[in-house]
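# Close look at the chain arrangement
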6 protein chains.
Amino acid sequence: MPRERNVHTFIGCDSTYEESQLVIYGAPFDSTTSFRPGTRFASAAMRNESFGIETFSPYQELDLEDFAVFDAGDLELPFGSPARALEQLEQEAESILSDGKIPLMIGGEHLVTLAPVRAAAKRYKDLCIIHFDAHADLRENYLGEELSHASVIRRCHDILGDGRIFQFGIRSGERAEFAFAASHTTMNRFNLNGLDEAIRVIGDRPVYFTLDLDVLDPSEFPGTGTPEAGGVRFTELLDAIIRVSRTNIIGLDINELSPHYDQSGASTALACKLLRETILAVLNNRKKAN
Amino acid sequence: MPRERNVHTFIGCDSTYEESQLVIYGAPFDSTTSFRPGTRFASAAMRNESFGIETFSPYQELDLEDFAVFDAGDLELPFGSPARALEQLEQEAESILSDGKIPLMIGGEHLVTLAPVRAAAKRYKDLCIIHFDAHADLRENYLGEELSHASVIRRCHDILGDGRIFQFGIRSGERAEFAFAASHTTMNRFNLNGLDEAIRVIGDRPVYFTLDLDVLDPSEFPGTGTPEAGGVRFTELLDAIIRVSRTNIIGLDINELSPHYDQSGASTALACKLLRETILAVLNNRKKAN
Amino acid sequence: MPRERNVHTFIGCDSTYEESQLVIYGAPFDSTTSFRPGTRFASAAMRNESFGIETFSPYQELDLEDFAVFDAGDLELPFGSPARALEQLEQEAESILSDGKIPLMIGGEHLVTLAPVRAAAKRYKDLCIIHFDAHADLRENYLGEELSHASVIRRCHDILGDGRIFQFGIRSGERAEFAFAASHTTMNRFNLNGLDEAIRVIGDRPVYFTLDLDVLDPSEFPGTGTPEAGGVRFTELLDAIIRVSRTNIIGLDINELSPHYDQSGASTALACKLLRETILAVLNNRKKAN
Amino acid sequence: MPRERNVHTFIGCDSTYEESQLVIYGAPFDSTTSFRPGTRFASAAMRNESFGIETFSPYQELDLEDFAVFDAGDLELPFGSPARALEQLEQEAESILSDGKIPLMIGGEHLVTLAPVRAAAKRYKDLCIIHFDAHADLRENYLGEELSHASVIRRCHDILGDGRIFQFGIRSGERAEFAFAASHTTMNRFNLNGLDEAIRVIGDRPVYFTLDLDVLDPSEFPGTGTPEAGGVRFTELLDAIIRVSRTNIIGLDINELSPHYDQSGASTALACKLLRETILAVLNNRKKAN
Amino acid sequence: MPRERNVHTFIGCDSTYEESQLVIYGAPFDSTTSFRPGTRFASAAMRNESFGIETFSPYQELDLEDFAVFDAGDLELPFGSPARALEQLEQEAESILSDGKIPLMIGGEHLVTLAPVRAAAKRYKDLCIIHFDAHADLRENYLGEELSHASVIRRCHDILGDGRIFQFGIRSGERAEFAFAASHTTMNRFNLNGLDEAIRVIGDRPVYFTLDLDVLDPSEFPGTGTPEAGGVRFTELLDAIIRVSRTNIIGLDINELSPHYDQSGASTALACKLLRETILAVLNNRKKAN
Amino acid sequence: MPRERNVHTFIGCDSTYEESQLVIYGAPFDSTTSFRPGTRFASAAMRNESFGIETFSPYQELDLEDFAVFDAGDLELPFGSPARALEQLEQEAESILSDGKIPLMIGGEHLVTLAPVRAAAKRYKDLCIIHFDAHADLRENYLGEELSHASVIRRCHDILGDGRIFQFGIRSGERAEFAFAASHTTMNRFNLNGLDEAIRVIGDRPVYFTLDLDVLDPSEFPGTGTPEAGGVRFTELLDAIIRVSRTNIIGLDINELSPHYDQSGASTALACKLLRETILAVLNNRKKAN
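Residues numbered from 1 in each chain as written. Chains lettered and ligands numbered in written order. Predicted model: local features only at pLDDT ≥ 70, side-chain atom pairs only at ≥ 80, totals over all residues. Heavy atoms only, no water.

## Here's the deal with the interface of chain F and chain D
Opposite the 23 residues of chain F that make contact, chain D presents 23 residues. Here chain F meets chain D over a buried area of about 1,900 Å², counting both sides, of which 51% is carbon and sulfur. Taken together, chain F and chain D are joined by six salt bridges. Its salt-bridge partner being D63 of chain F, residue R175 of chain D comes within 3.5 Å of it at the nearest N-O pair. (Contact = heavy atoms within 4.5 Å. Buried area = accessible area lost by both parts, 1.4 Å probe. Salt bridge = Lys/Arg side-chain N within 4 Å of Asp/Glu carboxyl O.)

## Here's the deal with the relation of the copies chain F and chain D
Between the two copies, chain F and chain D, the superposition gives an RMSD of 0.0 Å; the rotation angle is 120° and the shift along the axis is 0.0 Å. When the rotation and shift are considered jointly, the pair of chain copies conforms to a three-fold rotation axis. Among all C-alpha atoms of chain F, that of S219 of chain F lies closest to the rotation axis, at 2.9 Å. The two copies present different faces, since only 13% of the interface residues in chain F are matched by interface residues at the equivalent positions in chain D. (Least-squares fit on C-alpha atoms with pLDDT ≥ 70 in both.)

## Considerations on the interface of chain F and chain A
The interface is formed by 24 residues belonging to chain F together with 23 residues belonging to chain A. Across the chain F to chain A interface the summed buried area is about 1,700 Å²; carbon plus sulfur atoms make up 51%. For chain F, the biggest contributors to the area lost against chain A are F79, L143 and E145 of chain F; these three give 28% of the whole. Here chain F is connected to chain A by two salt bridges.

## Comments concerning the sheet that holds strand β9 (residues 206–212) of chain E
Residues and elements named next belong to chain E. Ordered in space as β4-β1-β5-β10-β9-β6-β7-β8, the eight strands form an open sheet in which the pairing is parallel. Each of the sheet's edge strands pairs with one partner strand only, and the pair in question is β4 (69–74) and β8 (186–189). Direction aside, neighbouring strands of the sheet carry axes that sit 15° apart on average. Pairing of strand β6 (residues 128–132) with strand β7 (residues 165–170) involves four bridges; the strand directions are parallel. For H131, the partnering residue across the bridge sits in β7 and is Q167. (Pairing = 2+ DSSP bridges. Helix = DSSP H or I, 4+ residues; strand = E, 2+ residues; numbered from the N terminus. Axes fitted to C-alpha atoms, helices over the stretch in contact; angles between N-to-C directions.)

## What about the side chain of D262 of chain E?
Within the secondary structure, D262 of chain E is located in the loop between β10 (248–255) and α8 (266–289). Within the structure, D262 of chain E has its side chain in polar contact with the side chain of S267 of chain E (distance 2.6 Å). (Polar contact = N/O pair within 3.5 Å; in protein donor to acceptor, adjacent residues only side chain to side chain.)

## Remarks on the relation of the copies chain F and chain A
With an RMSD of 0.0 Å, the operation that places chain F on chain A is a rotation of 180° combined with a shift of 0.0 Å along the axis. As the rotation angle and translation indicate, the two copies are arranged about a two-fold axis.

## A few points about the packing of helix α7 (residues 234–244) of chain A against helix α8 (residues 266–289) of chain A
All names here are of chain A. Packing of α7 against α8 leaves a shortest axis separation of 9 Å and a crossing angle of 20°. Compared by their axis directions, α7 and α8 come out roughly parallel. For the pair α7 and α8, the crossing hand works out as right-handed. For the pair formed by α7 and α8, the contact residues are F234, L237, L238, I241 and I242 on the first element and L270, K273, L274, E277, T278 and A281 on the second. Residue composition of the contact of α7 with α8, grouped by class: eight nonpolar, one polar and two charged. (Parallel < 35°, antiparallel > 145°, perpendicular 65-115°, else oblique. Left-handed = near helix turned anticlockwise from the far one by under 90°. Nonpolar A, V, L, I, M, F, W, Y, C, P; charged D, E, K, R; others polar.)

## Let's talk about the sheet that holds strand β1 (residues 22–27) of chain D
All names here are of chain D. Ordered by their spatial adjacency, eight strands build an open sheet running β4-β1-β5-β10-β9-β6-β7-β8, and the pairing between neighbours is parallel. With partners counted over all chains shown, the strands left at the sheet margins are β4 (69–74) and β8 (186–189), one partner each. Strand after strand, the sheet turns through a mean of 15° between neighbouring axes, direction not considered. As defined by bridge partners, strand β9 (residues 206–212) adjoins strand β10 (residues 248–255) across seven bridges and the pair is classed as parallel. Each residue of the ladder has a partner; that of L211, found in β10, is I254. Helix α3 (residues 114–123) contacts β1, β5 (102–107), β6 (128–132), β9 and β10 of the sheet and is inclined by roughly 175° relative to β9.

## Observations concerning the pattern of salt bridges
Overall, the coordinates contain 132 salt bridges over all chains when judged by the stated rule. We note a salt bridge from R154 of chain B to E140 of chain B, for which the minimum N-O separation is 2.9 Å. Of the two residues, R154 of chain B sits in helix α4 (residues 152–160) while E140 of chain B sits in the loop between β6 (128–132) and α4, which places them 14 residues apart along the sequence. By relative accessible area, which is 16% here, R154 of chain B ends up buried. In this structure E140 of chain B comes out as partly exposed when scored by relative accessible area, which is 36%. For E197 of chain F, the salt bridge is made with R200 of chain F, and the minimal N-O distance between the two is 2.8 Å. Pair noted here: E197 of chain F and R200 of chain F are both in helix α6 (residues 195–202), with a separation of three residues, about one helical turn. For R200 of chain F, a relative accessible area of 58% gives the class exposed. (Buried < 20%, exposed > 50% of the residue type's maximum accessible area, 1.4 Å probe, protein only.)

## Concerning a negative patch on the surface
Taken together, the side chains of D14, E18, E19, E65 and D99 of chain A present a region of like negative charge at the surface. Along the chain, E19 of chain A turns up in the segment before β1 (22–27). (Patch = residues over 30% accessible without salt bridge, like charges linked within 9 Å, V, L, I, M, F, W, Y side chains within 5 Å. Areas by Shrake-Rupley, 256 points an atom, 1.4 Å probe, with all protein chains shown as cover. Lys, Arg positive; Asp, Glu negative; His and termini not counted. Charge placed at Lys NZ, Arg CZ, Asp CG, Glu CD.)

## Some remarks on empty space enclosed by the protein
Inspection of the entire model under this criterion finds 19 cavities of 30 Å³ or more. Of the pockets and cavities examined, the largest cavity occupies roughly 400 Å³. What lines the largest cavity is a set of 33 residues, among which P222, D262 and S264 of chain A together with P222 and D262 of chain B lie closest to the centre. Taken together, the residues that form the lining of the largest cavity break down as 15 nonpolar, eleven polar and seven charged. (1 Å grid on protein atoms, 1.4 Å probe; cavity = no way out; pocket = protein on both sides within 12 Å on 5 of 7 lines; lining within 4 Å. Points joined across faces, edges and corners; volume = space filled by probe spheres on them.)

## Let's talk about the arrangement of the chains
Taking C-alpha atoms only, the smallest gap left between chain A and chain D, which are not in contact, amounts to 13 Å. Taking C-alpha atoms as the reference, chain B and chain F come no closer than 13 Å and do not contact one another.

## What about the packing of helix α1 (residues 42–49) of chain C against helix α8 (residues 266–289) of chain C?
Residue and element names in this part refer to chain C. Running from N to C, α1 and α8 point in directions that differ by 80°, and their axes come no closer than 9 Å. By the criterion of interaxial angle, the relationship of α1 to α8 is roughly perpendicular. The segment α1 lies against α8, with A45, M46 and E49 engaging T268, A271, C272 and L275. The residue inventory of the contact of α1 with α8, partitioned by class, reads five nonpolar, one polar and one charged.

## Considering helix α1 (residues 42–49) of chain B
Among the residues making up α1 of chain B, those that are buried are A42, S43, A45, M46 and R47 of chain B. Of the surrounding secondary structure, the elements contacted by the buried residues of α1 of chain B are β1 (22–27), β4 (69–74), β5 (102–107) and α8 (266–289) of chain B.

## Concerning the side chain of D212 of chain A
Residues and elements named next belong to chain A. Counting through the fold element by element, D212 comes out in strand β9 (residues 206–212). Among buried charged residues, D212 stands out as having no salt bridge; its nearest opposite-charge side chain is R171, 8.4 Å away. When sequence neighbours within four positions are dropped, the list of residues in contact with D212 reads H110, F132, D133, N255 and E256.

## Points about the pairing of strand β5 (residues 102–107) of chain F
All names here are of chain F. Counting buried positions over the six residues of β5 gives six, a clear majority of the element. Neither face of β5 is left uncovered, since the one carrying I102, L104 and I106 and the one carrying P103, M105 and G107 both have all their residues buried. Pairing of strand β1 (residues 22–27) with β5, which is carried by six bridges, proceeds in the parallel orientation. Within β5, the position partnered with A27 by the bridge is G107. Pairing between β5 and strand β10 (residues 248–255): three bridges, direction parallel. Opposite M105, over in β10, you have D253 as the bridge partner.

## Quick look at the environment of S81 of chain B
For S81 of chain B, the position within the fold is in the loop between β4 and α2 (82–98). With 50 residues separating them along the chain, S81 of chain B and S31 of chain B place their C-alpha atoms 7.6 Å apart.

## Section: the packing of aromatic side chains
Evaluated as defined, the whole model comprises 42 aromatic pairs over all chains. Geometrically, the ring pair formed by Y17 of chain B and F70 of chain B is edge-to-face, given 5.6 Å between the ring centres and 85° between the ring planes. In this pair, Y17 of chain B is assigned in the segment before β1 and F70 of chain B in strand β4, connecting sequence segments 53 residues apart. Under the relative-accessibility criterion, Y17 of chain B is labelled buried at 6%. Judged by centre distance (6.4 Å) and plane angle (70°), the ring pair of Y59 of chain E and F234 of chain E falls under edge-to-face. Of this pair, Y59 of chain E sits in the loop between β2 (56–57) and β3 (62–63) while F234 of chain E sits in helix α7 (residues 234–244), and the two are 175 residues apart along the sequence. (Phe/Tyr/Trp six-rings, centres within 6.5 Å; stacked < 30°, edge-to-face > 60°.)

Encoded structure:
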C-alpha cells in the first residue's frame, strides 16, 4: 500500500484541481501593514482551525462534501517587495481564471487584492467590485508609497474608473478619502444598507468580491490589525454574503485576519465559518445558474 | 481561638451541606475533547473569579446571602477514563438527589452531563431535558467512541427516548445530526425561540437543565474550546434561564467554559454571573413553590 | 536646524497649552483596585495606540486637526498613597480650570475622579455629575477605606449632596448601594435610558462627566478589571456621549481601561476612538456656543 | 457521612494549626508596586499550581507528608492602605510566633516583609535578616512615601540598625542605595558568594529570611514585576536556601512572584518547588536540632 | 501542468516513503495528562515552525537535504480512549519497523511511547530503552488508571523487565517511584551524567530512545505541561543526543512539547532544532555503519 | 509657568542634541522579516520599559545622569519599501556623524544596519564591523530580494570587502553562508570566543558595532522573531560589550527585539539594561580617550 504525504487543506476542500470549480490559495503577505502586522499567518491558521467546524451549514442546508474545491496552498511571496509579490499573485489568479475556475484568495493584508483585480480586469471589461471594509482604503499613497494596504481600492479605481466600486461598512479614513468616495465610488458608511440597490445596479456584470474582515465589529472579530469599533455583526454579514453570492462573482478574497491578536481562536473560527458559507453560497448559486 | 483551614467556595455559597437546598460540585474533566482542551480548569477558575462579582442581583432583586448553598468542591476524576469518571459523577449526583437537594454540576466538557442524567433518570421516570448549546451533540459516536462530548445528548436520548429532549441555539453539527433531531428531539436552531412553547409542553414534569455556555455568541464568551459565531446574547440567555427556572428543575449543569482561552477574564466573569443568577432563579422559584 | 525631542501625545492633540481649549492629562494610578490592577497603563497605551485611528470622525464630520488640544502627559503619582495622589490630581485640575480650559483626565482607576470633582465643586456651586458605569461605586467604604474605587461616587455625593448625580448603565453593586441610590442619586440600571430626561433636568448647570468604560459590554470592551456582562454597545454610548456633550461640560474623565487584559488591542482602540469623538463633540459644542 | 467544605491548601500542608510547627499565610498586597503590579495573585496561584509538583524532594530525600504544616489561607488586606495592611500582617505574625511556630508568609510585594520583621524584632532582640534580592530596597523613600517596596530593607534597618542585615544577589539600585549599603549592611552584589561567611558571623542569633524571587535570573523566573537580567540559577539558590536553613530561622517569607507575567506557569511552578524545599529544609533542620 | 495539493512536512523531510530510512509521524494525544493538557498540538506546531530554522546543522556540518526522510503526518486518534489510541500507534510503528525503517514519533503526552515500545519489543528480544525526562514515570497507576503518562516507563518495565531501562535527568516523582528505580532501572538523577557508562553497558543491543523534552530546564523549554526547575541545558542535551545516536537505535520519539504554553515560540523552535539534529545524528551514524 | 509637552525618551537620555555625544534614534521597520514580524515595536517598548530599570550601573559604577545623550525618537519609515527606508536611515546617520556624534540606532529588523554602515563607510575608509548574532545574514538574496534581513551582512561585505567583518555567536545559516564566511569574514560560531583577538587585529581602526540581540540564548531573550537555542548568556554578552567599547566605536545599533513575543517583559527589560550598559561603556571609554 503506497503511503501518501501529509496534505494540508481547508476542511472539505480536498478535490483535485481539475475537478474543482473554485480554487483557494493563500497570500501570506503583510509587508506594507503600517500598524500591526500578522495577517501573513491567516491562511495557515485557517487551514489548521477549520477542523474545529463542520463541513455542513445549517444556515444554507448545504455541505462542502457536495462541492468540488481545490486548496492550492500558499504562494511563497517575497516580504519587503510589494511589486513582485503582486506579480506572482496576479499570475496565480490569471492561471485559475483562464481555466474557467473561480479564484478565492485568503489574505494577507488588503493590498493583495490588487493582484486578482488586475487579472480579472484584463479578462472582464465591465468588472465591478463589491468591497466590505471598515476602512476606505482610498488614499492616494501612504508615506509616499502607492502600493499600500491603505491605497488598494484607490489603485483598483485607477484601473476601473468611476461607478464600478461599491463600498460598505466604511467607518474610518482621512477626510480626503471620504471626499474622494463622494465623487468616485458608491460608499455606504457604517453598515451594509444599500447592498440590494447596489446588486440591482450591478445587474449581471462580473463581480469581484473583496471582504476585509475588519468590517465586522471587533467584539466578534478582534483578530485584526486595526480593529474599528462600531462594525457589523456576523449574522448581518452572513446574510449579506449570501445576497452578494447571487451576483455574477468571478473572483473573490477574504483578508485581514491576523490570528495571533485573538488568542481565543474565535476570530479564526469565525473566518473559517464565513469561508465555508461563502464557498457554499457561491458554488450553490453557480450550480443553480447552470 | 481555633484556626480554620482555608475554605474555597463560589462567592456566597458557604452554607453547610445539611442546611442547603442546592449543592455545587465541579467536574474537572475534558479527556474526550477533540479540538481544544481546557474545560478542566473551569470550576476552580469560577471559584477564584467569583469574588469579582457581588452576591446581589439587580436583575432579580435577590441576594445569594438569603439562600443556603453548599459548594462541595471538585471531584478528583481519572483523566483518560470516561467510563470511570462518569461513574464517580453519577454517584455524586445520586447522593445529592437522594438527600432531596438539587445537584448543580460545573463542567468540564459536555460529556459529564451524562452522569447526572443517568442518576436523575433512575429516580424520575418522566424526566425531560432542556439543552442550550451551539452544537447538536447527537453523533452516534466520534471516531468510534460512544462516550464523547459530541455524542452526549445522543446518549441521553438512548435513555429517555423521543419527545423528552428540547434543544435550543443549535448552529453546528453534521448533516446526520440535524436529521436525527428532526425525528427524535425538539430542536430550535440558532436562537432560543420556542422556549415558552417547550416549557408549556413539559408542564410539571421533572426537568434536567444542561447549559453549554458556547450557546452564547463568542463575542461575549470567547473562553470555550469550539467558539461558534452567531450565538445568543447574555441578556437573552439570562431571560431564558429565568423562564426555565420556573419549570420543575431537579438538577442542572453549566459547562464548557475553558477559562485560559479568554485571558481578559470576561468569559469566566460572565459564567460566574450566570451561575449566580441561575442559583437565585431556581431557589427563588422553589421557595415560591413551597 | 535644531533637533526636537521625541514628543508623545494623543493623535492630533499637539497644540500648545496656551492655544488649547481642552487639556488632556493622565492619572496612572490603581492602588485601591481590589480585584485586578492595571489601569495605570491606560494613558500611555492610549497615546501609543491612537496612531492606529484617524483624526477625522466620519460620525460627526469633524477633524481633530481643526481643534486645539494640549496633551500634558501623565502625572507621577505615589502608588500606595491615595490621599496624596488625589491632592496632586486636584491641583492639576484646579490649574487647568483656573486658566479657563476644560480638564480631561485619563484614568487610572475610578477613584481618581474624586480629584477633579473636588476642584470643580469649589469653583461651581451647582455642579452636577453625569456618571456612566457598570458599578454603582456607592459603598460607604471598602474594607474600612473611604478612599476606594468602590466608594468614589459616594465621596462625590458627600460633596454635592442629593439630586446632583445622574448614574447610567449600573448593573452591579451591593444591595445597600442600590438602596442608597434610590434615595440620593438618579440611577438608571442596565442601560442609558433616561439620559434625555436627565439632560433636561440638569439644564445649563455645569456638568462633570465621568465615563467608566466598563459601562460597555465586555464583548466590546474586555480590557478592564471587573468586566460585567450585559453592558451597552459602542454605538449607543457614542450617541449618548454626543448628547451629553451638549450640556455645559466643564470637566470630564475617561477611566478603567486596563489595556493588558485585552491583548487584541481592541479595547484600547475603542477607548481611543471614544476619546476622539468625545473631544470633538465637546469642543464642537463649545464652538457653537461661542 | 458529614460533608466537608472545599479546603484549599498548598500541597501536603493540610495539618491542623495545633499540630503544626510552621504556618503558611498569604499576603496578597501590591499597592505600592511602582512598575507592574500583580504579586497579589501569587499565593492563590501557588496553591493551585502546587498540585503539579510532588510532596517528595529527591534533592533532600524528604517528604512533606512527614511534616506538619498548616496553611492559613490569605489575609484580606485593604488595597491602597499600606499602613493598615502592615498592621494586620504584623498581628498575624505575632500570633504565630507567640504560639511557638514559624510564620512563613507568601507575598505580595516586598513591602509586606516589614510586618513580620516588626513582630520578630519585638520578640528577638538580636534578630538578623538574610535578604536575597535583585534590588537593594534601601531607598529612604519613593516619591515621598516611606512605606514602599523600594524602601523595605531601609525600614528594617531603621529597626535593627547596622550589622544585622545581610544582602545577596543585589544588582539594581540607585547610586545612593549602594552607598548606604557600604556603610550599613553587608551586601554581596550579583551572586550568593559570601553566604557561608555571613552564616558564620550570624552564628546562633535568630534569623528572619526574606527571599525576593527576582534574585533569580529572569530566564528561570520571568514571572515578576521588574525582571533584572544577570541573576542566580535555581540550583544555586536551592543550595543556598539549604545552607540558610541551618541557621536559627524564626520566620521567613517568599515574595514578588507575579504569576500572570509568565503564562507558561514555569515561574509559579518554580516558586512552588522552592517553597517545598524551603519548608523541608527548615523543618528538617529544626527536627535535627530537637 | 498538473497542480499538486498542499503538502505539509517538517522542513527538509519531503522524500517519499519508499526512499526514506526514517519515518516521522505525529501522535496528537493527551487524554491522560493530569495537570495541563496541550501536547496534542505539538506535531502540527513543529511542522509549521520548522520553517523558521534551516536544514543545515553548523554543529554536525550535515544537511537534511542530504538524507531521505518521510513525514507521514499525524494519526487521527480517539481522544478519551488510551487503549485504542495505543493500538493504532503500535500498528503504525510495526508497519514502519517491518519495512526496515526507523520510526520517529512526535508526541503527544508520554504515554504514547508505550505503543512503539510494544512494537519494538516484539521484534527485538533484547531491546533497551534510553529515557531522558524530568519525571520518573514509574507509578504503578494514576488514580487507578494503568495507562497513564505517569506510568509509561513502568509499563515498559512490565514488558522488558530489569536492567534494560536507563533513565537520565529525573528530578521529580513520588518516593515510591525512586524506590522502584533503585531496584529495577538504572536511574541518574538531575543530569545526564553516567550516559557514557550506560552506552557502554548497552553495547550493540537495539535501543529505543524516548526523549521527554521536559528534561530540559524550563528556562530553555517552558512550553510543557509540568515544568520542573533544575533541568539540563540545550547544549548538554544536544551533545548527549549525538552520543546516544551512536548506539543501535531502532526507534525513537520526542514528546511533551505543549506549544501554547510558550507564546514566544522558543520552545517549539528548540524542539524543531533538536529534531533536526537528532535525525541528522541518527541517519549519519547509520550511514557510517553501512 | 509655561507647560511643556509630554516628552518620551529612554531613561536618563534627556539632554539636548547639541550637548550630547551620542544620539539614539529608532528604526521601526520590519517589512522584510520573513518569519515573524514585530521588531517595529522595539524602540517604543524600550522607551516605555526603561523606567523599570535605574540610571545607575552597579557593574561599571557609572550613571547615565553623568553623561549627555539625546534621544531623537523614531523615524517614520515607509513599510513595504526597504530601499526608501534605508535612504532615510542613512541620511539620519550621516547627519549625526557629520556633527561629530555617535549614532546609536534601535532596530527594527537587522536590514536597517545597512543604512548607518553605508553612511559610516563613506566617512571612514578603513571601517570594520563587529557583528554579534545567531544568524550569519550572509545570503546573496532571499527569494530574489537583495535587501533582506538575511542578507544584510553580505551587503555590508559588498561595501567593505574581505577582512573587515568580525562575526560572533553565529549558529544558524545555510551551508552556503558558512562557506562564504570561511573565505570572506572572520566568523566565530556558537560563542564569543576570539573576540580579544579580533579587537587586537582591528586595532584603532573605526568600528561599527551591530548587536543582533538573538545572539543571546532564547531562555534569556525569547522576545525575538527567530529564537535559536544555544546562545550566549547576558553576563558573557555584557562582558564582551564592555571589551568592544574599548575599540574606536563610531556608530552602533541594537536590533531584533520583538517585544510582543515575550509577554513577561523580561526581554525588553534585558534590552534596556544592555542599552544602558552599552552607552555607559562607550561614553566612558571616549571620556577616558579624551
